[in-house]
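# Overview (structure and organization)
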Amino acid sequence: MKWTYTLLFLLLQLSAFSQTLVPSRIADWTLAGLRDSTTIDFIEIDMLAQGAIGDGVAPNDSILANVLLSISGPGAILNYQTGNYLFNNTINIPSNVIIKGQGAHNTVFTMNLGGTSHSFRIQGSSISSDTSSLIEFAAKDSSSIIVSDPGSFSTGNWVQIVQQDSDLVTSSWAKNTVGQIIKIKNIFNNEIVLESPLRMNFDTTRSPYIVKIIPVENVGIECLKIKRIDDTSPEQSSNIDFTYAVNCW
């Protein structure tokens, strides 16, 4: 009986430290990722055979860059075997490329970028002449926004919602990134109907606006761990270690 009470006490202690996400932080991530067969004909490339070095010491930037330049055809899956791969520069992933490891416990991408820029950049182009401001508050989970002038947009366009976010980020290079990329489903007067719901609130006090973009497509980062070891903000102490796992399911 004594052991029963002790176990119950320990379980109660553990439950007391559990966390529940507030509604504003919850998103339906089943909507993310590819949901079609556009990568079915991609060729597979063994990065070790291309010279990749997984010792955590030798940089892999030029090796990856050369492979990306050599890709032709419908696309490619770059397979990284078990190891720790060091990169000293941002990895720019073009359309139709998937970077894949052997699981978050086996394949590590260690990023040491001198405190600047992004670890990965998957970036299309924006058409800066095609913008329109949001003129009404847009609530999280809403499937439409109201803009001042939808004349530059049409059904099927991809847009990025941009806002003033300097108080939400700690690095100057990350400004204007707290928003959402989303596809237009339909347009009725000043209302733009969206293919998927908003993942956050957009308040007009932050001057949000949409800009038309031509996105990078059919890109993936799978089955690996991303470890950022440089200091990315002057407000933070040195030797900061940020780790993010992209698991296989």
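Everything below is about the structure printed above this text.
First, a word on scope: everything that follows refers to the structure included in this document. (Residues numbered from 1 in each chain as written. Predicted model: local features only at pLDDT ≥ 70, side-chain atom pairs only at ≥ 80, totals over all residues. Heavy atoms only, no water.)

## As for the overall build of the protein
Under the convention used in this document: Going along the chain from the N terminus, every DSSP run of H or I of four or more residues is numbered as a helix, and every run of E of two or more is numbered as a strand. Partly exposed describes any residue whose relative accessible area lies between the buried limit of under 20% and the exposed limit of over 50%, with all areas from a 1.4 Å probe on protein chains only and scaled to the type maximum. Working rule for contacts: check all heavy atoms of both residues, and any pair within 4.5 Å makes them a contact. To be clear on the numbers: accessible area is Shrake-Rupley with a 1.4 Å probe, and residue cover counts the displayed protein chains and nothing else.
Of regular secondary structure, the protein possesses two helices and 17 strands. Looking at the protein residue by residue over its 249 residues, the buried ones come to 33%. Of the contacts made within the protein by residues no fewer than 6 positions apart, 68% connect residues no fewer than 24 positions apart. For the protein, the exposed area adds up to about 14,900 Å²; of that, 53% sits on carbon and sulfur atoms.

## Comments concerning helix α2 (residues 61-70)
Note the cut-off: Directions pointing from the helix axis toward each C-beta atom define the arc.
For α2, the complete set of buried residues consists of D61, I63, L64 and V67. The arc that holds every buried residue of α2, seen down its axis, measures 165 degrees, which confines them to one face. Exposed and oriented more than 90 degrees from the buried face of α2 are N66, L69 and S70. Those residues of α2 that are buried lie in contact with β1 (43-46), β2 (55-59), β3 (76-79), β4 (83-87) and β5 (91-92).

## Thoughts on the packing of aromatic side chains
Quick note on the threshold: Pairs were defined over the aromatic rings of Phe, Tyr and Trp, the Trp ring being its six-membered one, requiring ring centres within 6.5 Å. Orientation was assigned from the angle between planes: stacked under 30 degrees, edge-to-face over 60, tilted for the rest.
For the structure shown, the criterion picks out five aromatic pairs. Ring geometry for Y80 against Y85: centres 4.9 Å apart, planes inclined by 75 degrees, an arrangement best described as edge-to-face. A connected cluster of aromatic rings, assembled from ring pairs, spans Y80, Y85, F87, F109 and F120.

## Concerning the pattern of salt bridges
Note the cut-off: Every case where a carboxyl oxygen of Asp or Glu lies within 4 Å of a side-chain nitrogen of Lys or Arg is listed as a salt bridge.
Considering all chains together, one arrives at four salt bridges under this definition. Taking the shortest distance from any N to any O, the salt bridge between D141 and K140 comes out at 3.3 Å. The class for K140 is buried, based on a relative accessible area of 17%. Among the salt bridges present, the one from D167 reaches R206, with a minimum N-O distance of 2.8 Å. Here the residue D167 occupies a position in the loop between β11 (158-162) and β12 (180-188), and R206 occupies one in the loop between β13 (191-194) and β14 (209-214), the gap between them amounting to 39 residues. The exposed category is assigned to D167, whose relative accessible area is 54%. The exposure class of R206 is partly exposed, given its relative accessible area of 21%.

## A look at the environment of T116
Which entries qualify depends on this criterion: Pairing of N or O atoms within 3.5 Å defines a polar contact, subject to two protein rules: one partner must be a possible hydrogen donor and the other a possible acceptor, and residues neighboring in sequence count only if both atoms are side-chain atoms.
Locating T116 in the fold gives a position in the loop between β7 (107-111) and β8 (120-121). Residue class for T116 comes out partly exposed when judged on its relative accessible area of 45%. The sequence separation of T116 and W173 amounts to 57 residues, and the corresponding C-alpha distance is 7.1 Å. Apart from the residues within four sequence positions on either side, T116 is in contact with W173, R228 and D230. Among the polar contacts made by the side chain of T116, one reaches the main-chain carbonyl oxygen of L113 at a distance of 3.3 Å.

## What about the side chain of S144?
Take S144: it is sitting in strand β10 (residues 144-146). Within the structure, S144 has its side chain in polar contact with the side chain of E191 (distance 3.0 Å). Apart from the residues lying within four places of it in its own chain, the contact partners of S144 are E191, I192, V193 and L194.

## Describing the sheet that holds β3
Remark on secondary structure: sheet strands pair via backbone hydrogen bonds, oriented parallel or antiparallel. Basically, it comes down to this: Paired strands, in this sense, are two strands between which DSSP finds at least two bridges. Axis definition: a line fitted to C-alpha atoms, over the contacting stretch in the case of helices. Angles run 0 to 180 degrees between N-to-C directions.
Across the sheet, which stays open at both edges, the four strands sit in the order β1-β3-β6-β15 with parallel pairing between neighbours. Only two strands of the sheet have a single neighbouring strand rather than two, namely β1 and β15 (219-222). The mean angle between the axes of side-by-side strands here comes to 15 degrees, regardless of whether they run parallel or antiparallel. Bridge analysis of β3 against strand β6 (residues 97-100) gives four bridges, and the strand direction is parallel. Looking at β6, one finds that I77 is bridged to I98.

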